[in-house]
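# Analysis of the macromolecular model
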Amino acid sequence: MASAQSYTLQGNVKMGTDTTALPGATVVLQQSPGGATGVGKDTTLAGTATDQQGNFRFEGVAPGQYTIKVSYLGFKPYSRSVRVLQPVNMGTILLQEEATALQEIRVIGQVPTGEQKGDTAQFNAAAFKTTRDANAGELVQKMPGIVMQDGKLQAQGEDVQQILVDGKPFFGEDVQTALENLPAEVIAQIQVFDRKSDQAELGGFDDGERIKTINIVTRRNRRTGQFGRMTAGYGTNERYLLGASVNLFREERRVTVTGLSNNINTLNFKADPGEQEGGRPQDGIITTSSLGINYSEKWGKKIEASGSYFYTRRKNQIARSRQRDYVLAADPGQIYSENSRSTDDDATHRFDARIDYKPDKRNRLLFRPDLSVEKGKDEDYFFGRTVTGNGPLNQTENQSNADNRGYNFRSSLLYNHRFNDRGRGVTFRLHNALGNAAGNGYRLAENLFYEGADTATILNQYMRNDRSGFTWEGEISYQEPLGKQSRLELGYEIGNRQNDSDKRTFDFSEQTGSYSELSPLLSNTFGSNYLTQELEAGYQFNSEKLHLELESQYQHAALQNDQVFPRPLVLKRTFTSVLPSVEIDYKFSSSRSFHFDYRTWTTAPSVQQLQNVIDNTNPLQLRTGNPDLAQSYQHWMRARYRMHQPETNTSLFGMLEGTFARNYISSSTLIAAQPIQLSDEIVLQRGSQLSRPVNLNGYYNLHSYVSYGRPVNPIKTNLNLNGSINFASRPGMINDEMNTVQTGNFRAGVTLSSNISEKLDFTLSTRSGYTTVNNSLRPALNNNFFNQTTHLKLDWIVWQGFVFRTELYHRVNAGLSAGFDNNYLLWNMSLGKKLFKNQRGEISLVAFDLLEQNNSIRRNVTELYVEDVQSTVLQRYFMLTFTYNLRHFTNGADRSDFENQD
């Protein structure tokens, strides 16, 4: 009976000098000789890492004699025997700083890759080896469940939307910039979790607003110093790169400054001109200039402040060809092809901040402002043609230019007060958003319609647009304890969204020689007001293993649309909805957990969807709004399972989610079989289209994802397997007939990343996707297509500081339209030499797209058509670069102090 019992063993790790917590310390539990199993030598049973407060915990420990071993880079190893006959709390373990050369430190036992702590997956950076110049982005992609998919970083099947450093925001929600401006060598741990909203964190009740977040825990001895990277390069075809990123850390005060200027499609500074953004070719030829700064600090003992500012000017010159095959039962051979070129020159200022004020233990005030200002100039040209099996229907040659400007300001203010009784509190929230988008431009279009006697028209127009919006929300919620494990929440929320739009189109007058003729059908002055009120009640239960949360909202919404021009029109409607939600968290153990979510919400149509004005950007494909649109109602559910076995360093993650919508906002498209008179000015010629948004039922999206990761010790690599299955149904109307597009997508991927040494680092991945498309209206257009991407990235310090780098990106496309089934291989390579005594400098010769095969092909599937698009991309160039890595930490420590470590 005694042998069947098990206990917990826990403790806390701190610095011996000032009792500062040591997060990320490695803690190994070993069974002593002759312990519970009678073994003759120490046997490692489990490993973990301390959390941000320095705590560690082992569960399910059988009675017996054990040894606890603790190690942390820069501190003396700690070892202590402990006998377990009951739950054991070892108290505080104080580590003493290592006085001898750091090269003599050895980590005891195999470093565990990480652990699962509730809904947080925590990984030890020391268990994943990278080159000394690697950044945080290259490090995190070695970890189970984290991949780069279509140029976006994904964790556990979802896009990562925010990076934190030691719990503080780092460059707002700009994930790429955050990861590329932090060296891998300063990282102790990577934590992956779903971050709740500020409202949920303060009040304790989940409101369903979560974003996938990565928190980077830095090494204790890397929190004071100056470090970063600077690169300059020049190459063939006048290609250039100039960039720098410098981090100035002093414990709680942290400043990062980054700057970049280049014309090689590098959007964020990484000092590696051979690498594309996430291994994915960028469309067009992009010139970027940017400057950014991130700041965080504690102001005294009660205020934590952080913020970032980023300026970017980006010019993109791009050419595209596209082919659309329409789902049209009456005319099954209708195809639209288009060739276009454009130049977009945009400048953006972006600022965000977070101020967290805690005057005492019972009160907290959080303020978050966010401001962006944009200005841009666009020049576009395209030639489009519609054909059937009988020949061409129509064509258009269209050129336009526009100047645009706008701003968006958002802020949220939250206040939380906790009463003396545990669990009792009140939370106030006030949110507002203010924005404006304005622009003007010119369009010249020559349109030709083939129908017996050919009909030609010329559009020579001036357009002026002005949209503004103001949104505010206020909420109060009260939390009341119901015993020791339960709580009740009552809340009230009121909010209003007001949007105004004024669009005017003027035709050129030969008589006046100016754009003086206002077009009523292409002009509209419109306002929309959406007022919502919600009553909410919630129940929460918490135990050691189970977290249960039940909520329900009663929502009353009033939508009022006011049209002023071309004729006055007022439309008022009200909606009532009941919005239930359920959340269940169950912990099987410290390393296995299950999470279930069910949410409902409503979505109001946007002002662009409501505004009844024709958009003739493409005269062959007109669009208009629909003031009769109703709000849509969504059901969403998700189940997730997480597991991490410290004994084998194995991680498993599985997810299944689904979304179902009522009154889904789709589109209804009229494709003219014969000329249709829309007004005195506009005729919808044969083969031309008019699309408008409508509410339809039948939308759903089912998605599953699984990832499995573990180290392969014989070849010193990390293996990561992932796969997903997705089924979706999207309804639409074509010539008053319902068409439902059902797609199935099957993906599988495997990644091998090296864990060999700092001198050899490689990542090899391949991902395959097979997609099926079925149309209810035109089964002849049903099709299947396949794509596969294989990516190899290798960094190798060959000898005496000589560095060889290569990157291969191979793409296979099958089942696309004629001329789009292009397979290509993007091959980048560089040869470099480390410079200076500490090898902080490097000079390199970089070759991009050696085989001159770089390409970009996409397939888009909608309820109206299946489309293939091919875009121009950057192709071969050679560049000579110089890079310098800045490393200076407290007491003069630099990266050379850590060479030759296991």
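Residues numbered from 1 in each chain as written. Predicted model: local features only at pLDDT ≥ 70, side-chain atom pairs only at ≥ 80, totals over all residues. Heavy atoms only, no water.

## Side note on the overall build of the protein chain
Within the protein chain, the secondary structure is distributed over four helices and 50 strands. In summary, the protein chain has a C-alpha radius of gyration of 30 Å against a globular reference of 29 Å for 902 residues, a match within 12%. C-alpha atoms of the protein chain, sized along the principal axes, occupy 100 × 70 × 50 Å. In the structure as shown, the protein chain presents an accessible area of about 39,400 Å², 53% of it carried by carbon and sulfur atoms. (Helix = DSSP H or I, 4+ residues; strand = E, 2+ residues; numbered from the N terminus. Rg over C-alpha atoms; globule rule 2.2 N^0.38 Å. Areas by Shrake-Rupley, 256 points an atom, 1.4 Å probe, with all protein chains shown as cover.)

## Concerning the sheet that holds strand β10 (residues 146-149)
Reading across from one edge, β10-β11-β12 is the order of the three strands in this open sheet, with antiparallel pairing throughout. The open sheet has two free edges, formed respectively by β10 and β12 (158-159), since each of these has just one partner strand. Judged from the four bridges that link them, β10 and strand β11 (residues 152-155) form a sheet pairing that is antiparallel. Bridged to V147 within β11 is Q154. (Pairing = 2+ DSSP bridges.)

## Considerations on the sheet that holds strand β4 (residues 55-61)
Two modes of strand pairing occur in sheets, parallel and antiparallel, and in both the strands are linked by backbone hydrogen bonds. Spatial ordering of the open sheet is given by β4-β1-β7, a layout of three strands whose pairing is mixed. The open sheet has two edge strands, β4 and β7 (88-95), and neither has a second partner. Strand-to-strand twist in this sheet, taken as the mean axis angle between neighbours without regard to direction, amounts to 20 degrees. As paired strands, strand β1 (residues 7-15) and β4 are joined by five bridges and run antiparallel to one another. (Axes fitted to C-alpha atoms, helices over the stretch in contact; angles between N-to-C directions.)

## A short note on the nonpolar core
Core analysis: the largest hydrophobic core is formed by 34 residues, its most contacted members being L153, L182, I187, I214 and I216. Among residues more than four places away in sequence, those in contact with I216 are A136, I163, L164, V165, D166, L179, L182, I187, Q189 and I190. Core analysis: the next-biggest nonpolar cluster, separate from the first, contains 23 residues, Y7, L22, A46 and M90 among them. (Core = buried A, V, L, I, M, F, W, Y, C linked by side-chain atoms within 4.5 Å. Buried < 20%, exposed > 50% of the residue type's maximum accessible area, 1.4 Å probe, protein only. Contact = heavy atoms within 4.5 Å.)

## Digging into the packing of aromatic side chains
Evaluation of the coordinates by the stated rule reveals 19 aromatic pairs. Ring geometry for Y442 against Y515: centres 5.3 Å apart, planes inclined by 55 degrees, an arrangement best described as tilted. Taken together, the residues Y442 in strand β25 (residues 425-449) and Y515 in strand β28 (residues 514-518) connect sequence positions 73 residues apart. Overall, Y442 belongs to the partly exposed group, its relative accessible area being 36%. On the basis of relative accessibility, which here comes to 27%, the residue Y515 falls in the partly exposed class. Summarising the aromatic geometry, the rings of F727 and F746 are spaced 5.7 Å apart at their centres and angled 85 degrees between planes, so their arrangement reads as edge-to-face. With F727 in strand β41 (residues 717-734) and F746 in strand β42 (residues 737-754), this pair connects stretches of sequence that are 19 residues apart. What makes F727 partly exposed here is its relative accessible area of 38%. (Phe/Tyr/Trp six-rings, centres within 6.5 Å; stacked < 30°, edge-to-face > 60°.)

## With respect to unusual backbone geometry
The step from F565 to P566 runs through a cis peptide bond, and the omega angle for that step is 15 degrees. Mapped onto the fold, P566 is located in the loop between β30 (546-565) and β31 (569-589). Despite not being glycine, D166 has its phi angle at roughly 55 degrees, a positive value. Residue classification places D166 among the buried residues on the basis of a relative accessible area of 13%.

## Comments concerning the environment of N722
Locating N722 in the fold gives a position in strand β41. According to the relative accessible area criterion, N722 is buried, its value standing at 13%. Setting aside residues up to four positions removed in sequence, N722 forms contacts with V147, Y705, V706, S707, R747, A748, G749 and R767.

## So, the side chain of R324
Within the secondary structure layout, R324 lies in strand β21 (residues 303-326). Taking relative accessible area as the criterion, R324 reaches 12% and is therefore assigned buried. A distance of 3.0 Å separates a polar atom in the side chain of R324 from a polar atom in the side chain of Q621. If sequence neighbours within four positions are ignored, R324 has contacts with Q334, I335, Y336, Q621, Y865, V866 and E867. (Polar contact = N/O pair within 3.5 Å; in protein donor to acceptor, adjacent residues only side chain to side chain.)

## Details of the pairing of strand β35 (residues 650-662)
Two elements, strand β34 (residues 632-645) and β35, share 13 bridges in a ladder whose sense is antiparallel. Each bridged residue has a counterpart across the sheet, and for H635 the counterpart in β35 is F660. Sheet analysis places β35 next to strand β40 (residues 699-712), joined by eleven bridges and oriented antiparallel. Across the sheet, the residue bridging to F660 is Y700, located in β40.

## Topic: the pattern of salt bridges
Close approach of charged atoms lets side chains of opposite charge pair. Counted according to the given criterion, the structure contains 33 salt bridges. Note that E185 and R887 form a salt bridge whose closest N and O atoms lie 3.1 Å from each other. In this pair, E185 sits in the loop between α2 (175-180) and β15 (187-196) while R887 sits in strand β50 (residues 877-889), placing the two residues 702 residues apart along the sequence. Classification of E185 by relative accessible area gives buried; the value is 8%. We classify R887 as buried; its relative accessible area is 5%. The residue E852 makes a salt bridge to R876 at a minimum N-O spacing of 3.1 Å. Pair noted here: E852 is in the loop between β47 (841-848) and β48 (856-861) and R876 is in the loop between β49 (865-871) and β50, with a separation of 24 residues, a long-range link. (Salt bridge = Lys/Arg side-chain N within 4 Å of Asp/Glu carboxyl O.)

## Remarks on the pairing of strand β44 (residues 783-799)
Sheet analysis places strand β43 (residues 760-775) next to β44, joined by 14 bridges and oriented antiparallel. When the bridges of β44 are listed, F762 appears paired with L794. Taken together, β44 and the strand that follows it, strand β45 (residues 802-814), pair antiparallel across an intervening segment of two residues, in which Q800 is found at a positive phi of about 50 degrees.

## Points about the environment of N695
If you trace the backbone, N695 turns up in strand β39 (residues 689-696). Taking the relative accessible area as the measure of exposure, N695 reaches 22% and is therefore partly exposed. For the pair N695 and E583, spaced 112 residues apart in the sequence, the C-alpha separation amounts to 29 Å. The contacts of N695, once residues within four sequence positions are left out, are D628, L629, A630, N663, Y664 and I665. A distance of 2.8 Å separates the side chain of N695 from the backbone nitrogen of A630, its partner in a polar contact.

## Some points on the confidence of the model for the protein chain
Caution is warranted with low-pLDDT regions, since their predicted coordinates should not be read in detail. The share of residues in the protein chain with pLDDT of 70 or more is 91%, and the mean pLDDT across the chain is 84. Contacts for the low-pLDDT stretch residues 35-40, under 50 throughout, to residues beyond four places or in other chains number nine contacts. A low-confidence stretch, residues 100-109 (pLDDT under 50), is modelled with 16 contacts involving residues beyond four sequence positions or located in other chains. (pLDDT = per-residue confidence, 0-100.)

## Brief notes about the environment of N813
As for its position among the elements, N813 is in strand β45. For N813 and E534, which are 279 residues apart along the polypeptide, the C-alpha to C-alpha distance reads 49 Å. Within the structure, the side chain of N813 is placed 3.1 Å from the side chain of R811, a separation counted as a polar contact.

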